[in-house]
Amino acid sequence: FTARETALENKKQADSKFEKYLRIPLRGELEESLRLLDEAEKLDVDLVLENHNNVCLAAEEIIRLMTQLRSPRLFTCPDVFNYKTFLNDMTPVIGDDAFAEIEPLIPFAKNAHVKICEAVDGETQDRYLDIPRLMNLFEKYHYDGPVALEFMWPYLSPQKDATEEMRRAIRVLCHQIKSRR
């Protein structure tokens, strides 16, 4: 799939509410998940569930699964961008519903993803993601773990240099983190 085909497929699965998210269970059976968690516990390895459509998308689903599995090695990896919707022109929208859906995952987070599509405002903001709002949620729940930057290159126009845009995205995230210290 191209990025546009993937976006169109996402849009087909969407409406304006979070009922749009497919309720896809963790791949494999619960027994297999338990074996995996037993092995992680023996090896002293943490596992994270990202709110992503190939595992579990809805926050309530992820929390329910974590409650069922009851492992001290199972955490979340919240990514608010995964709750985006699209305008008719395929512009991503990360609105109030997305932030409301991500919030319950943050107290269980061991890692978090921040997707930056396009640096704007002197490399201090992203065009689509309200990074200060996300950072406020991290602070609210005292999240101080790693934040992995995911640069959304499919949103680049062909005239832009992907490497330079990645550098700009790094500067945006660094600016946001430093401005909170």
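Residues numbered from 1 in each chain as written. Predicted model: local features only at pLDDT ≥ 70, side-chain atom pairs only at ≥ 80, totals over all residues. Heavy atoms only, no water.

(A) Up close: the overall build of the chain. Scanning the chain from terminus to terminus reveals six helices and eight strands. Put simply, the chain runs from its N terminus to its C terminus through helices and strands in the order α-α-β-α-β-β-β-α-β-β-β-α-β-α. Looking at the chain residue by residue over its 181 residues, the buried ones come to 40%. Nonlocal contacts in the chain, meaning residues at least 24 apart in sequence, comprise 75% of its contacts between residues at least 6 apart. (Helix = DSSP H or I, 4+ residues; strand = E, 2+ residues; numbered from the N terminus. Buried < 20%, exposed > 50% of the residue type's maximum accessible area, 1.4 Å probe, protein only. Contact = heavy atoms within 4.5 Å.)

(B) The arrangement of the layout of surface pockets in detail. The space that makes up the second largest pocket amounts to roughly 250 Å³. If you trace the second largest pocket, you find it lined by Met135, Phe138, Glu139, Tyr143, Asp144, Gly145, Pro146, Val147, Ile177, Arg180 and Arg181. Take the lining of the second largest pocket: its biggest share by element is three residues, from helix 5 (residues 131–140). Across the lining of the second largest pocket, the residue classes break down as six nonpolar, one polar and four charged. (1 Å grid on protein atoms, 1.4 Å probe; cavity = no way out; pocket = protein on both sides within 12 Å on 5 of 7 lines; lining within 4 Å. Points joined across faces, edges and corners; volume = space filled by probe spheres on them. Nonpolar A, V, L, I, M, F, W, Y, C, P; charged D, E, K, R; others polar.)

(C) Local environment of the pairing of strand 2 (residues 74–77). Covered by surrounding structure in strand 2 are Leu74 and Thr76 together with Phe75 and Cys77, the residues of both alternating faces. In this sheet, strand 2 lies alongside strand 1 (residues 47–50) in parallel orientation, the contact comprising four bridges. From the neighbouring strand, Val48 faces strand 2, where its bridge partner is Phe75. (Pairing = 2+ DSSP bridges.)

(D) Structural view of the confidence of the model for the chain. For the chain, mean pLDDT is 81; residues scoring 70 or higher make up 79% of the total. Per-element mean pLDDT across the chain ranges from 40 in helix 1 (residues 3–12) up to 96 in helix 5. Scored below 50 in pLDDT, residues 1–27 makes 50 contacts in the model with residues more than four places away or belonging to other chains. (pLDDT = per-residue confidence, 0-100.)

(E) Layout of the nonpolar core. With 36 residues, the main nonpolar core has Val80 and Leu129 as its most contacted residues. Broken down by secondary-structure element, the contributors of at least two residues to this core are helix 3 (59–69), helix 4 (96–102), strand 5 (112–116), helix 5 and helix 6 (162–178). Those residues in contact with Leu129, other than ones at most four positions away along the chain, are Val80, Ile94, Phe99, Val114, Lys115 and Leu134. (Core = buried A, V, L, I, M, F, W, Y, C linked by side-chain atoms within 4.5 Å.)

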